[in-house]
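Reading the structure
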Amino acid sequence: MTRTTAAVRPTSLAAQRGKLALTLAVSLGLAACGGSSDDTVVVVNPPANPGNPGNPGNPGTPTAPTAPTVVASGLRAPWSIAFYKGTPLVSERDTDRIVAVGSNGAVSEVAVIAGVNGSGEGGLLGIAVRDDYLYVYFTAGSQNRIVRYPLSGDGAGIRLGAVQSVLNGIPAASTHNGGRIAFGPDGMLYATAGDAANTARAQDMASLGGKILRMTPEGAVPRDNPFPGSYVYSLGHRNPQGIAWAADGAMYASEFGQNTWDELNRITAGANYGWPVVEGIATDSRYTNPLQQWSTSTASPSGMAIRGSSIYIANLRGERLRQIALATPSTSVDRYTGEYGRLRDVVVTPEGLLWMMTNNTDSRGEPRPGDDRIVSIPLQ
């Protein structure tokens, strides 16, 4: 159930990654949004920074821009960012493409993912990279699937090998597909799965819908999962679309509520987060309360990253980057409200920079010149 609201080429603004470049001038004003259920931390797991190896969540002190700078533009409904050998890879939900972003901002097609068949919020969604494999979450008709491809080459020459299945049978629909994937500090692959517009799935242990799932890189059920023989790591979720880990190993997730509250949750193995019985903070001891909640009009929390002592969440309908101190997770600060339109993802680069990605070309936003784009922003 949705809420009740109802040739790729970068421009000359593209700047070299990791360097100071042109200051982005953008038009202020909120972009219209026609509904926000899709409106989806991952840290997109950044490789450990050589300057601080053991702590990718706090990768040292990079050279940060003094003002937002454009890294790439001309993307089409981008959804997720991951890095391979330092090269950013981006999934485009509606074109089924994986594209690479060069150091000069040039965008090149790496592959078109076969078998993608999604409508609405479905399509080519989350990606992650580990051990020379690209992991992909996508909609294939009535199910969402996770597959992986061997990676080779570098830069614009990155290529995908033969597809390997990781997990099938995650419920799919035109709404509430979840879709974020990321590797945790334990080396396991985690995936957010929405209830696919059927609320009963969130409490049904026989369904993979409405859950956060945990699996080995090859797709097996880990022996230490909280429910023996099950991929389910946590349950009672409506449409979680971001996951990330702090330096101490604590796991966090962002989640779309229905019409009242969107959430930030701390995720623990086996916990039940209450949907559809409760939405937001409640007084039912059977369920784990969120750390923080926001009205749906100011949130629609999508991708999330943790850097140092802060969580950063990209918001779609709310059109802002939200910063939350790990030490006080019930408080937050809003940044760039309305300046870039809808924000789909935020990631920490291998160099320790903070990037956010707009999502104005997905039919729900109002595209601005150069959209969609990746922007490098000052560290706060």
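In what follows, the accompanying structure is described. (Residues numbered from 1 in each chain as written. Predicted model: local features only at pLDDT ≥ 70, side-chain atom pairs only at ≥ 80, totals over all residues. Heavy atoms only, no water.)

This part takes up the packing of aromatic side chains. Scanning all chains against the criterion turns up six aromatic pairs. An angle of 65° between the planes, with centres 5.0 Å apart, marks the rings of Tyr-190 and Trp-245 as edge-to-face. Of this pair, Tyr-190 sits in strand β12 (residues 189–193) while Trp-245 sits in strand β15 (residues 239–245); the two residues are 55 residues apart in sequence, bridging distant segments of the chain. Its relative accessible area of 7% is what places Trp-245 among the buried residues. Taken together, the ring pairs connect Tyr-133, Tyr-135 and Phe-183 into an aromatic cluster. The lysine or arginine in question, Arg-148, covers the ring of Tyr-133, its NZ or CZ lying 3.8 Å from the ring centre. The ring of Trp-275 is capped by Arg-238, whose NZ or CZ atom sits 5.6 Å from the centre of that ring. (Phe/Tyr/Trp six-rings, centres within 6.5 Å; stacked < 30°, edge-to-face > 60°. Helix = DSSP H or I, 4+ residues; strand = E, 2+ residues; numbered from the N terminus. Buried < 20%, exposed > 50% of the residue type's maximum accessible area, 1.4 Å probe, protein only. Lys NZ or Arg CZ within 6 Å of the ring centre and 35° of its normal.)

So, on to the pattern of salt bridges. Applying the stated criterion to the full structure yields 13 salt bridges. The closest approach of N and O atoms between Arg-97 and Glu-109, which form a salt bridge, is 3.3 Å. Of this pair, Arg-97 sits in strand β4 (residues 97–101) while Glu-109 sits in strand β5 (residues 107–112), placing them 12 residues apart in sequence. The class for Glu-109 is partly exposed, based on a relative accessible area of 41%. Across the pair Asp-334 and Arg-322 runs a salt bridge, and its minimum N-O distance is 2.9 Å. Here the residue Asp-334 occupies a position in strand β22 (residues 333–335), and Arg-322 occupies one in strand β21 (residues 321–325), the gap between them amounting to 12 residues. Judged by its relative accessible area of 35%, Asp-334 is partly exposed. (Salt bridge = Lys/Arg side-chain N within 4 Å of Asp/Glu carboxyl O.)

Attention now moves to the sheet that holds strand β2 (residues 78–84). Spatially, the four strands line up as an open sheet ordered β2-β3-β4-β5, and their pairing is antiparallel. What marks the edges here is a single partner per strand, and that holds for β2 and β5. Neighbour-to-neighbour, the strand axes of the sheet open up by a mean angle of 30°, direction not taken into account. (Pairing = 2+ DSSP bridges. Axes fitted to C-alpha atoms, helices over the stretch in contact; angles between N-to-C directions.)

If you trace the backbone, Asp-186 turns up in the loop between β11 (181–183) and β12. Residue classification places Asp-186 among the partly exposed residues on the basis of a relative accessible area of 37%. Counting along the chain gives 63 residues from Asp-186 to Gly-249, while the straight-line C-alpha distance between them is 8.7 Å. At 3.0 Å, the side chain of Asp-186 forms a polar contact with the side chain of Arg-214. (Polar contact = N/O pair within 3.5 Å; in protein donor to acceptor, adjacent residues only side chain to side chain.)

All quantities given are derived from atomic positions and should not be read as evidence of function.
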